[in-house]
Amino acid sequence: MVDISQRIAREILDSFISYRAFFHRITAGAKARFELADWKAVQKAASERIDLYESMCQSSSESLQQTYADAIHEPDLWLRAKADYIQLILERDDFELAETYYNSIYCRVYGHHHLDNEHMFIRSSMEGRLIGSGDEFYITYHLHDGLLPVLTQMLDDFAFDIPWENKRRDIRNLMRYVRTSLPEDVIADEHTTVEVVKSVFYRNKGAYIVGRVHFYEKQVPFVLPILNNERGGVYVDTAISEEDDVSVIFSFTRAYFMADVNVPSEFIRFMQSILPMKSVPELYSSVGFYKQGKAEFYRAFVDHLKNSDDEFIVAPGIKGMVMAVFTLPSYPLVFKIIKDSFSSSKHIGRSTVIEKYHLVKKHDRVGRMADTMEFSNFAFPRERFSDELVEELLRVAKSSVEVNEKSVVIKHLWTERRMTPLNIYINEALAKKDEYAVFHGINEFGKCIKQLAAANIFAGDMLFKNFGVTRHGRVVFYDYDEIMYLTDCNFRYIPEAMYPEQEMMDEPWYSVGPCDVFPEELSMLTRCDRTVRKIFNELHADLLDVKFWQGMQQQVRDGDIMDVFPYRKVKRFLRN
């Protein structure tokens, strides 16, 4: 007779196999959606793929609880189920994803309690396992065959079911780029190879060919963005080979790629060889395995705690009205907890805040909103928290914090990449009289707001403190409690006061609905400094005009999807 633990292990694996099949089906459709220029379908598929994991895990956990009733909560049962599950996944080349799927179902059954490595995969059971040499993951081209034949063959190998707009021009542009980017002796060396990932990476309105040039024991990454001219043809828009620029394409501020990564660990190894600054969690998340990203983050964070001794601190910047935020100086993330009560100016509740963060997870972030990871019952070592920080967390978020001698347990939190708050960035630039930095910060701030609007997102609270500056100098929005769909906003002019005394009143003399927005009020953001005001008015004064916002709303309603390139426009090839 089959033991109940074996049946549970088998049912979880069967659910995982179904999940992977559905995931693959959605991902495989990316090529056709790109060729048809069906951008609405692209957005829908991205959202569906994110929802898929949660819905299938929930369905599987409910089925297990209904089938096995109270027996499912016997801890010893899960000790055996884990051992049985390991045997079932030994030969799988996506074993790490299978382990994380098991964890997700276990956590649902136990309500995120009894989280230990005996019952679940806190550490992978096959840590460090390599699957093959990786050679089958990419196509290798040899430059000793000549640059022109290699580029011609590459475009042939990655041809679409619609023709190249002008293949000869694209090859000419690529040859010019290669010759100005690589030394001549590298191009001519018989040992120089070009290794290109077989799967095309699709996201939003672009397709990306990803690879590396290997020479003299060095490796240079490259990405070829391919665009659809929406007239039945495709073209190479540019070539990107600077490591920082390639890193931005795989940024935590962008939607997840659709890419046929059947052996995820091979993909991670390949990408880390060309982007060593990119973490394993980021790379898993970049291709839609965001739950695996969470698992890898947790393992890396636990290892970091063992190899560091600094204390957690309140995150730099102005304290938020909705979130308590702390960080570990030696680690590049912040931890965000919803406060028990909000400022009187915040007319929202806890559930609304959670909904906003979930919205951002599924929405196109267009390179302007930070991705987050959500955790339950996250345990930190008590010794790394000062008494002052513990007191602060208990004061503002007591319902979410449990403290004992060994641990500080946060019942519900989000992690997010740590950035320099824009207000601090601008104030430091002003203090140094660095006008270029001020110009850059204000210009990026305006572009961030406009690109979010084009993606149907109104940021809501646009104070500089709610935006951050990444290490690449991009301004990113990271405070989501007041975001809403742009199309839900009612943009209005401020009515003229009937008499002067009205303008001096503490409260507005006009009615304000829950979705009313008065763009003129944005001018208050720049009253802090004349230089800031001057730059903002020169670059982005249109943000103060109701007509701009109404025009953006109409663009969204018309179904226009704005081109938001993950690289600078000056890098784009000419198409003449």
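In what follows, the accompanying structure is described. (Residues numbered from 1 in each chain as written. Predicted model: local features only at pLDDT ≥ 70, side-chain atom pairs only at ≥ 80, totals over all residues. Heavy atoms only, no water.)

Details of the overall build of the protein chain
Right, on to step 1. Looking only at helices and strands, one finds 19 helices and 19 strands in the protein chain.
Right, on to step 2. A globule of 576 residues ought to have a C-alpha radius of gyration of about 25 Å, and the protein chain, at 26 Å, matches this closely.
Right, on to step 3. If you line up the protein chain on its principal axes, its C-alpha atoms span 80 × 70 × 45 Å.
Right, on to step 4. Among the 576 residues that make up the protein chain, the fraction classed as buried is 54%.
Right, on to step 5. For the protein chain, restricting intrachain contacts to residue pairs at least 6 apart in sequence, the fraction spanning at least 24 positions comes to 70%.
Right, on to step 6. Carbon and sulfur atoms form 51% of the exposed surface of the protein chain, whose accessible area is close to 26800 Å².
Right, on to step 7. Here the protein chain holds 71 positive side-chain charges and 86 negative ones, and the gap between their average locations is 3 Å. (Helix = DSSP H or I, 4+ residues; strand = E, 2+ residues; numbered from the N terminus. Rg over C-alpha atoms; globule rule 2.2 N^0.38 Å. Buried < 20%, exposed > 50% of the residue type's maximum accessible area, 1.4 Å probe, protein only. Contact = heavy atoms within 4.5 Å. Areas by Shrake-Rupley, 256 points an atom, 1.4 Å probe, with all protein chains shown as cover. Lys, Arg positive; Asp, Glu negative; His and termini not counted. Charge placed at Lys NZ, Arg CZ, Asp CG, Glu CD.)

Re helix α5 (residues 95-110)
Right, on to step 1. Here α5 spans 23 Å end to end across 16 residues, near enough to the 22 Å set by a 1.5 Å rise per residue.
Right, on to step 2. Among the 16 residues of α5, 15 are classified as buried, and the element is accordingly described as predominantly covered.
Right, on to step 3. Phi turns positive, to about 60 degrees, at Gly111, one or two residues after α5. (Expected span 1.5 Å × (residues − 1).)

A word on the packing of aromatic side chains
Right, on to step 1. Overall, the coordinates contain 63 aromatic pairs when judged by the stated rule.
Right, on to step 2. A centroid spacing of 5.0 Å and a plane angle of 50 degrees characterise the contact between Phe250 and Phe257, whose relative ring orientation is tilted.
Right, on to step 3. A residue is classified by how much of its surface remains accessible, and Phe250, at 2% relative accessible area, is buried.
Right, on to step 4. A residue is classified by how much of its surface remains accessible, and Phe257, at 1% relative accessible area, is buried.
Right, on to step 5. Measuring from centroid to centroid gives 5.6 Å for Phe565 and Tyr567, while their planes differ by 35 degrees, and the two rings are tilted. Here Phe565 matches Tyr567 in class, with each residue buried.
Right, on to step 6. Aromatic rings pair up to connect Phe297, Tyr298, Phe301, Phe312, Phe326, Tyr331, Phe335, Phe375, Phe378, Phe380 and Phe385 into one cluster.
Right, on to step 7. Positioned over the ring face of Tyr138 is Arg212, at 5.2 Å from the centre of the ring. (Phe/Tyr/Trp six-rings, centres within 6.5 Å; stacked < 30°, edge-to-face > 60°. Lys NZ or Arg CZ within 6 Å of the ring centre and 35° of its normal.)

So, the sheet that holds strand β16 (residues 475-477)
Right, on to step 1. On the basis of which strands lie adjacent, the open sheet formed by three strands has the order β13-β15-β16 and antiparallel pairing. Two strands in the sheet have a free side with no partner beyond their single neighbour: β13 (420-421) and β16.
Right, on to step 2. Strands β15 (467-469) and β16 of the sheet are contacted by helix α16 (residues 435-454), whose axis makes an angle of about 45 degrees with β16. (Pairing = 2+ DSSP bridges. Axes fitted to C-alpha atoms, helices over the stretch in contact; angles between N-to-C directions.)

Quick look at unusual backbone geometry
Right, on to step 1. Positioned with a positive phi, Ala69 is a non-glycine residue whose angle comes to about 50 degrees.
Right, on to step 2. For Ala69, the position within the fold is in the loop between α3 (39-68) and α4 (75-89).

Focus: the environment of Asn262
Right, on to step 1. Relative to the helices and strands, Asn262 resides in the loop between α9 (243-249) and α10 (264-274).
Right, on to step 2. Remark: the alpha-carbon pair of Asn262 and Asp94, spanning 168 residues in sequence, is separated by 7.4 Å.
Right, on to step 3. With near-sequence residues (within four places) excluded, Asn262 lies in contact with Arg20, His24, Asp93 and Asp94.

Some words on the state of the cysteines
Two cysteines joined by a covalent bond between their sulfur atoms form a disulfide.
Right, on to step 1. Throughout the structure, instances matching the rule amount to zero disulfides.
Right, on to step 2. Note on Cys57: no disulfide assigned, nearest cysteine sulfur contributed by Cys107 at a separation of 9.9 Å.
Right, on to step 3. The exposure class of Cys107 is buried, given its relative accessible area of 9%. (Disulfide = S-S within 2.5 Å.)

A few points about the side chain of Asn423
Right, on to step 1. Residue position: Asn423 is located in helix α15 (residues 422-431).
Right, on to step 2. Classification of Asn423 by relative accessible area gives buried; the value is 13%.
Right, on to step 3. Contacts of Asn423, omitting those with residues within four sequence positions, involve Ile318, Phe464 and Lys465.

Here's the deal with α15
Right, on to step 1. For α15, the complete set of buried residues consists of Leu422, Asn423, Ile426 and Ala429. Taken around the axis of α15, the buried residues stretch over an arc of 130 degrees, which confines them to a single face.
Right, on to step 2. Those residues of α15 that are buried are in contact with β13, α16, β15, β16 and α18 (530-540).
Right, on to step 3. One or two positions beyond α15, positive phi appears at Lys433, with a value near 55 degrees. (Arc of directions from axis to C-beta.)

Brief notes about the side chain of Ser60
Right, on to step 1. Within the element layout of this structure, Ser60 appears in helix α3.
Right, on to step 2. Ser60 gets classed as buried once you look at its relative accessible area, which sits at 9%.
Right, on to step 3. With near-sequence residues (within four places) excluded, Ser60 lies in contact with Ser15 and Ile105.

Re the pattern of salt bridges
Right, on to step 1. If you walk through the whole model with that rule in mind, you get 38 salt bridges.
Right, on to step 2. Across the pair Asp156 and Lys167 runs a salt bridge, and its minimum N-O distance is 2.2 Å. Highlighted residues: Asp156 in helix α6 (residues 147-157) and Lys167 in helix α7 (residues 167-181), separated in sequence by eleven residues.
Right, on to step 3. Connected via shared salt-bridge partners are Glu165, Arg169, Asp170, Arg231 and Arg575. (Salt bridge = Lys/Arg side-chain N within 4 Å of Asp/Glu carboxyl O.)

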